[in-house]
Amino acid sequence: MNTRFSRSLVLAAALLVGSPAFLSAVEPAKGDAALVAKIFSAIENSDYVAFVADGDAPFKQLKKEQFDAVSAKVAPKLLAGHELSYLGDLKQHGYHVTLWKVTFKDGGDDALATLSVKDGKVGGFFIR
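Fair warning: this is a prediction, and the values are worked out from it, not measured in the lab.

(A) How the structure looks around the nonpolar core. Of all hydrophobic cores here, the largest spans 23 residues; its most connected members are I43, F51, L115 and F125. If you list the elements that add at least two residues to this core, you get α2 (30-44), α3 (48-52), α4 (64-79), β2 (95-104), β3 (111-118) and β4 (121-127). Discounting chain neighbours no more than four positions away, the residues touching I43 are F51, F67, S71, V74, A75, L78, F125 and I127.

(B) Structural view of α4. Largest kink in α4: about 35°, centred on A72, with the proline P76 one to four residues after it. Within the span of α4, buried status applies to F67, S71, V74, A75 and L78. Buried residues along α4 sit against α2, α3, β1 (82-92), β2 and β4. Looking one or two places after α4, you find G81, whose phi comes out positive at around 120°.

(C) Examining the packing of α2 against α4 more closely. Following both chains from N to C, one finds α2 and α4 inclined at 100°, their axes separated by 7 Å at the closest point. One element, α2, and the other, α4, form an angle in the roughly perpendicular class. Residue-level contacts link F40, A42, I43 and E44 of α2 to F67, S71, V74, A75, L78 and L79 of α4. Tallied by class, the residues present in the contact of α2 with α4 amount to eight nonpolar, one polar and one charged.

(D) Representation of the pattern of salt bridges. Summed over all chains, the structure comprises five salt bridges. For D106, the salt bridge identified is with K77, shortest N-O distance 3.2 Å. Here the residue D106 occupies a position in the loop between β2 and β3, and K77 occupies one in helix α4, the gap between them amounting to 29 residues. We note a salt bridge from K105 to E83, for which the minimum N-O separation is 3.8 Å. Of this pair, K105 sits in the loop between β2 and β3 while E83 is found in strand β1, placing the two residues 22 residues apart along the sequence. Accessibility expressed as a relative area gives 55% for K105, which makes it exposed.

Reading the values: the criteria
- Residues numbered from 1 in each chain as written.
- Predicted model: local features only at pLDDT ≥ 70, side-chain atom pairs only at ≥ 80, totals over all residues.
- Heavy atoms only, no water.
- Core = buried A, V, L, I, M, F, W, Y, C linked by side-chain atoms within 4.5 Å.
- Buried < 20%, exposed > 50% of the residue type's maximum accessible area, 1.4 Å probe, protein only.
- Helix = DSSP H or I, 4+ residues; strand = E, 2+ residues; numbered from the N terminus.
- Contact = heavy atoms within 4.5 Å.
- Bend = angle between axes of the 7 residues up to and from the residue.
- Axes fitted to C-alpha atoms, helices over the stretch in contact; angles between N-to-C directions.
- Parallel < 35°, antiparallel > 145°, perpendicular 65-115°, else oblique.
- Nonpolar A, V, L, I, M, F, W, Y, C, P; charged D, E, K, R; others polar.
- Salt bridge = Lys/Arg side-chain N within 4 Å of Asp/Glu carboxyl O.

Below is the structure:
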């Protein structure tokens, strides 16, 4: 058997075997998608209680004034229209972190949002 052909065959087999794992990585788990949707809805509606509802104890210590300041800045852009795109996930310090691209319909700069979850509780959420 030709060495070049067998290398190509091995590469093709590796790609086929690896493709299901790759394809499954392009969609978030339903729980992650539901949590991020709930958090964005809370920001849009300036609903502090809903924002911290699924948080762990340290997350719930976020001051309402801090939330209100961020919500006042971000909510109008979200309400004007936006799209969330799942980018992937990470493991960091025991947390499952999902990455989200936020595309605003007003044509402004995109944002990157990260959601950190551990034991079913939100430990962090950031929009950059």
